[in-house]
Amino acid sequence: MRRIFLGMALLIPFFVSAQAKKPLDHNVYDSWQTIGEKLISNNGKWVLYTVDPQEGDGELVIQSTGNLQKKVFPRGYEGSITEDSRFAIFKIRPYYAETRQAKIHKKKPEDYPKDSLAILELGQDSVIKIARVKSYQVPEKGFGLLAYLMEKSPADTTRKFEKMDSTMRSLDSANRVLSQPLIEKSKKKKARRGINDLAEDTGFPISQDEANDAFEDPAPNPRSEEGTELVIANLATGEKKSFNFVSEYLWSKYGNILVMGATPNKKDSLSKRTVAVWRTAESRVDTILRGGNDFRNYAIDEKGYQLAFLAERDSSAKALQKFYKLWLWKNGQDSASMILDKNKVGMLIGWTVSENEKLSFSKSGLRLFMGTAPIQPPKDTSLADIDIVKLDIWNYKDDDLQTMQLKNLDRELKRSYTAMMDLDQNIFVQLGDKSIPQVITTKEGDGPQFIGISDAGKRIPLQWEGETLKDIYSINPADGSRKLVKKDLSGQVSASPTGNYILWYDAKSRQYFDWNEGVTRKISAKVRTKLYNEEFDMPDDPNPYGLMRWTENDASVLVYDRYDIWQLDPKAIDAPRNLTAGLGRKSGTIFRYLPLDPEEKFLVPGQSLLLRTFKESTKNMGIVTLSLAYKASPNNMLDGAYTIRSIGKAKNAALYYYTRESYTNSPDLFVNNEWKAEARLSHINPQQAEYSWGHAELFKWKTYSGKIATGIVYKPEDFDSKRKYPAICYFYEKLSDGLNQYISPLPTPSRLNISFFVSRGYIVFVPDIRYTIGHPGKSAYDFVVSGARAMVRKGWVDSTRIGLQGQSWGGYEVAYIITQTNLFKAAWAGAPVANMTSAYGGIRWETGMNRQFQYEHTQSRIGATLWERPNLYIENSPLFHIPKVKTPLVIMSNDNDGAVPWYQGIELFTAMRRLGKPVWLLNYNGEAHNLMERKNRKDIQIREQQFFDWLLKKERVAQWLKDGVPATMKGKNWGFELER
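Residues numbered from 1 in each chain as written. Predicted model: local features only at pLDDT ≥ 70, side-chain atom pairs only at ≥ 80, totals over all residues. Heavy atoms only, no water.

Asks: Teacher, can you tell me more about the overall build of the chain here?
Replies: Each helix and strand in the chain was counted, giving 18 helices and 54 strands. Principal-axis analysis of the C-alpha atoms gives the chain an extent of 90 × 80 × 75 Å. Burial statistics for the chain: of 980 residues in total, 52% are counted as buried. When contacts within the chain are restricted to residue pairs at least 6 apart in sequence, long-range pairs at least 24 apart make up 56% of them. By element, 51% of the accessible surface of the chain is carried by carbon and sulfur atoms, the whole surface being about 45,900 Å². Distance between charge centroids for the chain: 5 Å, based on 137 positive and 118 negative side chains. (Helix = DSSP H or I, 4+ residues; strand = E, 2+ residues; numbered from the N terminus. Buried < 20%, exposed > 50% of the residue type's maximum accessible area, 1.4 Å probe, protein only. Contact = heavy atoms within 4.5 Å. Areas by Shrake-Rupley, 256 points an atom, 1.4 Å probe, with all protein chains shown as cover. Lys, Arg positive; Asp, Glu negative; His and termini not counted. Charge placed at Lys NZ, Arg CZ, Asp CG, Glu CD.)

Asks: Is there a simple way to explain a nonpolar patch on the surface in this structure?
Replies: A surface patch of nonpolar side chains, about 350 Å² in accessible area, is lined by Val389, Leu391 and Ile393. Note on placement: Ile393 falls in the loop between β22 (367–374) and α6 (402–407). The exposure class of Ile393 is exposed, given its relative accessible area of 58%. (Patch = residues over 30% accessible without salt bridge, like charges linked within 9 Å, V, L, I, M, F, W, Y side chains within 5 Å. Salt bridge = Lys/Arg side-chain N within 4 Å of Asp/Glu carboxyl O.)

Asks: Help me out: how do you make sense of the sheet that holds strand β31 (residues 511–516) in this one?
Replies: By definition, the strands of a sheet pair up through backbone hydrogen bonds, in either a parallel or an antiparallel sense. The four strands lie next to each other as β29-β30-β31-β32, forming an open sheet whose pairing is antiparallel. The outermost strands of the open sheet, each flanked by one partner alone, are β29 (491–495) and β32 (519–522). Across the sheet, the mean angle from the axis of one strand to that of its neighbour is 20 degrees, orientation sign disregarded. Note: strand β30 (residues 502–506) against β31, five bridges, orientation antiparallel. Bridged to Leu503 within β31 is Asp514. (Pairing = 2+ DSSP bridges. Axes fitted to C-alpha atoms, helices over the stretch in contact; angles between N-to-C directions.)

Asks: How do you make sense of the layout of surface pockets when you look at a structure like this?
Replies: Of the voids in this model, the largest pocket is the one considered here, and its volume is about 1,400 Å³. Taken together, 42 residues form the lining of the largest pocket, with Arg411, Glu412, Leu413, Lys414 and Arg415 sitting closest to its centre. Here the element with the most residues in the lining of the largest pocket is helix α7 (residues 409–413); it accounts for four residues. When grouped by side-chain class, the residues that make up the lining of the largest pocket number 17 nonpolar, 10 polar and 15 charged. (1 Å grid on protein atoms, 1.4 Å probe; cavity = no way out; pocket = protein on both sides within 12 Å on 5 of 7 lines; lining within 4 Å. Points joined across faces, edges and corners; volume = space filled by probe spheres on them. Nonpolar A, V, L, I, M, F, W, Y, C, P; charged D, E, K, R; others polar.)

Asks: What am I meant to see in the pattern of salt bridges here?
Replies: Note that side chains of opposite charge can pair when their charged atoms are close. Here the structure, examined in full by the defined rule, presents 53 salt bridges. Salt-bridge contacts for Arg585 lead to Asp561; the nearest nitrogen and oxygen are separated by 3.7 Å. Taken together, the residues span a long stretch of sequence, with Arg585 in helix α9 (residues 583–587) and Asp561 in the loop between β34 (557–560) and β35 (565–568) at a distance of 24 residues. What makes Asp561 buried here is its relative accessible area of 0%.

Asks: Help me understand the environment of Gly584, please; the structure alone is not making it clear to me.
Replies: Structurally, Gly584 can be placed in helix α9. What makes Gly584 buried here is its relative accessible area of 0%. For the pair Gly584 and Ser364, spaced 220 residues apart in the sequence, the C-alpha separation amounts to 41 Å. Contacts of Gly584, omitting those with residues within four sequence positions, involve Tyr563, Asp564, Thr589 and Phe591.

Asks: In this structure, what is going on with the packing of aromatic side chains? I would like to understand it.
Replies: Note on aromatic pairs: each is described by the distance of the centres and the angle between the planes. All told, the structure shown has 38 aromatic pairs when counted by the stated rule. Ring geometry for Tyr658 versus Phe670: centroids 6.1 Å apart, planes at 5 degrees, classification stacked. With Tyr658 in strand β42 (residues 655–661) and Phe670 in strand β43 (residues 668–673), this pair connects stretches of sequence that are 12 residues apart. According to the relative accessible area criterion, Phe670 is buried, its value standing at 8%. (Phe/Tyr/Trp six-rings, centres within 6.5 Å; stacked < 30°, edge-to-face > 60°.)

Asks: Teacher, can you tell me more about the nonpolar core here?
Replies: If you look at soluble globular proteins, the nonpolar side chains tend to sit buried side by side. Ranked by internal contacts, the top residues of the largest apolar core, which has 53 residues, are Cys729, Met791, Leu804, Phe824 and Leu889. When residues of this core are assigned to their parent elements, the largest contribution, eight residues, is made by helix α11 (residues 776–794). If near-sequence neighbours (up to four positions away) are discounted, Met791 is found in contact with Phe699, Val713, Ala727, Ile763, Phe765, Trp796 and Val797. Judged by nonpolar contacts, the second largest core, of 38 residues, contains Leu752, Val890, Leu922 and Leu951. (Core = buried A, V, L, I, M, F, W, Y, C linked by side-chain atoms within 4.5 Å.)

Asks: Sorry if this is basic, but what is going on with the sheet that holds β35 here?
Replies: Strand order in the open sheet made by the four strands is β33-β34-β35-β36, with antiparallel pairing throughout. The sheet terminates laterally at β33 (547–550) and β36 (577–578), the two strands that pair on one side only. Across three bridges, the pairing between β33 and β34 is antiparallel. By the bridge assignment for β34, Leu547 is matched with Val559.

Here it is as structure tokens:
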């Protein structure tokens, strides 16, 4: 008997622990964490990552991959590790509470608390912190170099500096540099006097007149803030150099030069903008252009030998037209030269250089790409604003609807067309224009041909088809001449790594083609499996599974089918080869390539490929390696009931990192040495152990139409098969592939907060839905209702306590289902379409597109026009079946919804209201299709819980449900109080 009591005593702590677990509440959201930034040093010894709460202060972690050292930096973010794996650099945010208070008190942006910069030598303890840093850059491949731009000093925001002579200004500038040594051993330099002192400290040779302006209070730049202090540091030696008035800066790839744009005080007419180049090796700065109204769009070539930028120098500040010119500087030159303006030979008449397009060099540096555009007419100042008629004219011949034109107005006003300077020949070539608005360069800009894409004159059918047919051209970069390659393509187009082949997928014929030297070849005809989406259930042409990679010298191109990888011959001579030997289709496993080298352009024979695997039957994920060789077999590295994301690799070591998660485990960060030794680095969300969580499992059943269906059932942690639980069905097409994904408790944009409800004793059912063209409503009913009934037959769901929740397309399905059955006790529909006949001709305001395409070709799946099959539009519209509804419904329909017109929610609400059926409508003022503001997301979570708890758990009703909240109490009473 004593032993029995002892055994019971030992079990008590376990039961107490289990009993002590509490359900999730609305206070947990802010502190729930995710892994944000992730990167690994090139030598594989260090990992940098951030742990980010949903709201509040996060942290940046620097950890050795051997798990021997770990440093945590509160509020760290925007981390970098230098190319030599020696230093970590990152910014430190101000406290979240301080920034919040600044917003509450409506302070000016310049008075907000500012970021700091931190520099850590990896493996060492000391950290250098520099206050009030606006931004920083390290060269992509340069060793030990750093540039950072300071914020204006606090005094600059409250008063002007008094005038002082150039000697004192020089000394003051030098003292500021010396007062913030990067490394203790940094040598102090004695400040020189006079104009030479100021030139040395600012880094720019200046005149006496310019010196007089040096410390004036900054004036706002119309494009960017006035320049501040830029510091260039050599992290290895500790040497620093400071430059004043810098507004923009950019390192070359290897760090051999840095370009700086200086923006001094505009209030003084004698002050001038300046462009300068810092030469790292010589530790010297050269001014290459001085004077002008605006400099922008800096670009440096691969080797750091050439610099290009745009400058506007000639117009007055109030000029109605401004013309930019292209400037080029080459290593060894004293100053930049203007190489392109509106008068250049080859420039289209009435066109000019566009300031709205980025500049870029080709890989070799022999070609420079820019944008050109028609010269915009000056603004008509002859009419006063009050006399201007505000009018939109819709014309049936317009290529784009007026709504699209107005939505894209700013983009169209800034639209430019690709052009090129051949720097070797000093020849300008216009590549694109209004007839061919899109140009794709090849071989990193050095290709023998470019691709032109045009849908000009073909966009009217976008209204009902959702996409446009495109003409594809081969463009000769030497002279801009064009050859038509493919007319009226529906599909995707790309180029081979060498640029010799143009490749496309034709959605109409469902085949891959390529084009080379005037010859078109169908290269996938001998593949007997489908290279397009086998499960596609919309009334349109299916998309392909996609292109993987080309191999070296364009020898072959690799594409996917549903499971496997196929190797195709671009010359259509050799038979296609299944690279994965059909293992994917035989086992129901999807193989997909994981490219880990950002500079990889093609694959080479014998290369070891890293592939992600996904098992359709279990939803398990894994990693395999596969040699790009004949008859190679995959080698399993990882496999399990989890989801793997964010896979990366150290550049110079076989060290891999990734996050791994399941429904019960947060996505923590792992490292793996040669896929032989896995180590977990992070342990986020330890507080989850304090709360009841749950389990996720696949659930299969047979629908009313006889189809075998799949879904996910989320069960409470203490699930008892003998109990009957309340349940909520949530759905959106197909979601079961997410079985092993973690679902944080968070205030969602309007989806169901699954983990929250499961923690509070609900079963959540997420069924996949497969659709029959023309009958999307009946399809949803078939899968959702049959699945809910199947759960009831299992014995652990109470048939009198089942709810529905869906958003957008899911919201439509919720509204439709409750017109067909009285099974559900409560329903919540976010942004639903109620009436397909009125929604059909509406506008998706976020794009300006008409909604007809959605019904005829895509998600709504009607497959016919309203006048061809009006019966289908009526059949699938909940509005026409409202008298049958008995289920209480909450609708969220926001007045700034850019996808579903919010009057759809109003139509549904007013119909149910007229018939005396219980219905509520939530309109979050100014909100979008999915809630964007966090405060609104938190609000809707509370209301969803109160609604479902009231009807499915018989808990007390909230005031907003029982009595509503009148407009006179808006912003005063939220209606959350529960009836006593």
